[in-house]
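# Close look at the chain arrangement
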Amino acid sequence: MMSAVTLAAHDWELWTSPCRIVVTDADRLDAALGIADGLLAEVEVAASRFRPDSEVLNLRAGWNDLSPMLADLVREALTAAWLSDGAVDPTVGATLTGLGYDRTLAAVRADGRPRLSVVPAVRGWRSLRLDGSRLFRPADVQLD
């Protein structure tokens, strides 16, 4: 005889996006949330443009040794760039900042002022080199 499945879910917002976690054993929801919280905190420390201490904001021009998390994120971003023929591009950080997205989206929305921006051309994802966990970043490229 099969045991009954007791679904449990938790909804929240993170990085201006709705999130949901669902488990098939309600007794494991807290443990699943703990795992998700830990993983998402690791992503934020590695890749947030809004944390001055984040790894991505502290990359220097040239070769950088990346944490396993940031190396995985950059690898996935470069794969998405390749699969989308550049429609997805992790090198648009300076462009986003130039357009006013230099703080959280909630702060941008709260400002409400129209903005005129001149945005330089993006070097593009092909300017990056990822070799295992080592990343080459040109001086004029900001990741996002």
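See the structure above.
Cut-offs and rules
- Residues numbered from 1 in each chain as written.
- Predicted model: local features only at pLDDT ≥ 70, side-chain atom pairs only at ≥ 80, totals over all residues.
- Heavy atoms only, no water.
- Helix = DSSP H or I, 4+ residues; strand = E, 2+ residues; numbered from the N terminus.
- Rg over C-alpha atoms; globule rule 2.2 N^0.38 Å.
- Buried < 20%, exposed > 50% of the residue type's maximum accessible area, 1.4 Å probe, protein only.
- Areas by Shrake-Rupley, 256 points an atom, 1.4 Å probe, with all protein chains shown as cover.
- Pairing = 2+ DSSP bridges.

Moving on to the overall build of the chain. Per the secondary structure count, the chain includes four helices and five strands. When the helices and strands of the chain are listed from N to C terminus, the series reads β-β-α-β-α-α-α-β-β. What you see for the chain is a C-alpha radius of gyration of 19 Å, clearly larger than the 15 Å of a compact globule of 144 residues, by over 25%. The C-alpha extent of the chain, read off along each of the three principal axes, is 65 × 40 × 30 Å. For the chain, with 144 residues in total, the buried portion stands at 28%. Here the chain displays about 9500 Å² of accessible surface, and carbon together with sulfur accounts for 57% of that area.

Let us look at the pairing of strand S5 (residues 134-137). On a regular strand, one side chain projects to one face of the sheet and the next to the other, so that they alternate. What you see with S5 is a clean split: Leu135 and Arg137 sit on the buried side and Arg134 and Phe136 on the side with no burial. Pairing between strand S3 (residues 62-65) and S5: four bridges, direction antiparallel. Counted as the bridge partner of Gly62 is Arg137 from S5. In terms of strand pairing, strand S4 (residues 129-131) meets S5 through three bridges, oriented antiparallel. Note that in S5 the partner of Arg129 across the bridge is Phe136.

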